[in-house]
Amino acid sequence: MGEQEQTEPVADDIEAVTRAVMTASRLLVAVSARSLATVEESITLPQFRMLVVLSTHGPSKLVALADHLGVQPSTAMRMVDRLIATGLMSRRTNPGNRRETVLSLTEEGGRVVQDVTARRRNEITAVLRRLEPAQRSALIEALGAFNAAGQEPAFDTGAPDPHPLGWSDPADGTR
């Protein structure tokens, strides 16, 4: 066999990997939807995201909250009004500037975020338990590389989760 007679290059696997990631994404979206099932009649996914942002960042002014969500303040205000009506958020006057209002989660709103997050985590854990230990190790390595390529910081299991449902805030420099 001469130098010119080499094996053909390995076919580009980007399409196969893309299909696999898209399928995994579909699974994760389904898990997320199921975790919201008990509250979906009272709140929408965008409203739930607002609760998560408040849970993550604490009390906020409307403009800052709208900015975190990437929506117009008028859109955020409609969501806030609905969440206040359901008892998941509250509005109070800012003691530092009486012309401003501060929005925050109620105890019930915090409980909803915790419950949905726990259901999501439990379902993901159940799926992962069906894998062999070697498959889980390979998944850790593959997802670590995928997250690094997407510039998603690693989850620190020793610290409180700054983004419990995977929604980072582009405004605070995290992704």
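A. Structural context of the overall build of the protein. Scanning the protein from N- to C-terminus turns up six helices and two strands. Listing the helices and strands of the protein from first to last along the sequence gives α-α-α-α-β-β-α-α. Within the protein, the fraction of its 175 residues that count as buried is 22%. Intrachain contacts of the protein at a sequence separation of at least 6 include 54% that bridge at least 24 residues. Working note: accessible area of the protein is about 12,300 Å², and carbon and sulfur atoms make up 56% of it.

B. Here's a closer look at the nonpolar core. Counting 23 residues, the largest nonpolar core has Ile43, Phe48, Met50, Leu51, Leu65, Met89 and Val112 as its most contacted members. If you list the elements that add at least two residues to this core, you get α2 (45–57), α3 (62–69), α4 (73–85) and α5 (107–129). Considering every element that reaches this core, the biggest residue donor is α2, with six residues.

C. Examining the pattern of salt bridges more closely. One pass over the full model with this rule turns up five salt bridges. Here Glu100 and Lys61 are joined by a salt bridge, their closest N and O atoms 3.4 Å apart. Residue Glu100 is located in strand β2 (residues 97–105), and its partner Lys61 is located in the loop between α2 and α3; the two are separated by 39 residues in the primary sequence. A relative accessible area of 39% places Lys61 in the partly exposed class. The partner of Glu108 in a salt bridge is Arg111, and the shortest N-O contact between them spans 2.8 Å. One end of the pair, Glu108, and the other, Arg111, are both in helix α5, three residues apart, so they sit about a helical turn from each other.

D. Spotlight on α2. End to end, α2 covers 18 Å across 13 residues, agreeing with the expected 18 Å (1.5 Å per residue, within 8%). Turning to α2, the residues buried within the fold contact α3, α4, β1 (89–94), β2 and α5.

E. Spatial organisation of a nonpolar patch on the surface. A grouping of Val17, Val21, Leu128, Leu139, Leu143 and Phe146 is seen on the molecular surface, where their side chains present a nonpolar patch of about 450 Å² in accessible area. Residue assignment for the nonpolar patch shows that the elements contributing at least two residues are α1 (14–35) and α6 (133–149). Element by element, the count of residues in the nonpolar patch is highest for α6, at three residues. You can see Phe146 is positioned in helix α6.

F. A look at the environment of Gln114. Examined against the element boundaries, Gln114 turns out to sit in helix α5. Residue classification places Gln114 among the exposed positions, given a relative accessible area of 57%. C-alpha of Gln114 to C-alpha of Ser55: the two residues are 59 residues apart in sequence and 9.2 Å apart in space.

Rules of the game
- Residues numbered from 1 in each chain as written.
- Predicted model: local features only at pLDDT ≥ 70, side-chain atom pairs only at ≥ 80, totals over all residues.
- Heavy atoms only, no water.
- Helix = DSSP H or I, 4+ residues; strand = E, 2+ residues; numbered from the N terminus.
- Buried < 20%, exposed > 50% of the residue type's maximum accessible area, 1.4 Å probe, protein only.
- Contact = heavy atoms within 4.5 Å.
- Areas by Shrake-Rupley, 256 points an atom, 1.4 Å probe, with all protein chains shown as cover.
- Core = buried A, V, L, I, M, F, W, Y, C linked by side-chain atoms within 4.5 Å.
- Salt bridge = Lys/Arg side-chain N within 4 Å of Asp/Glu carboxyl O.
- Expected span 1.5 Å × (residues − 1).
- Patch = residues over 30% accessible without salt bridge, like charges linked within 9 Å, V, L, I, M, F, W, Y side chains within 5 Å.

Without other data, these values stay purely geometric and don't point to any function.
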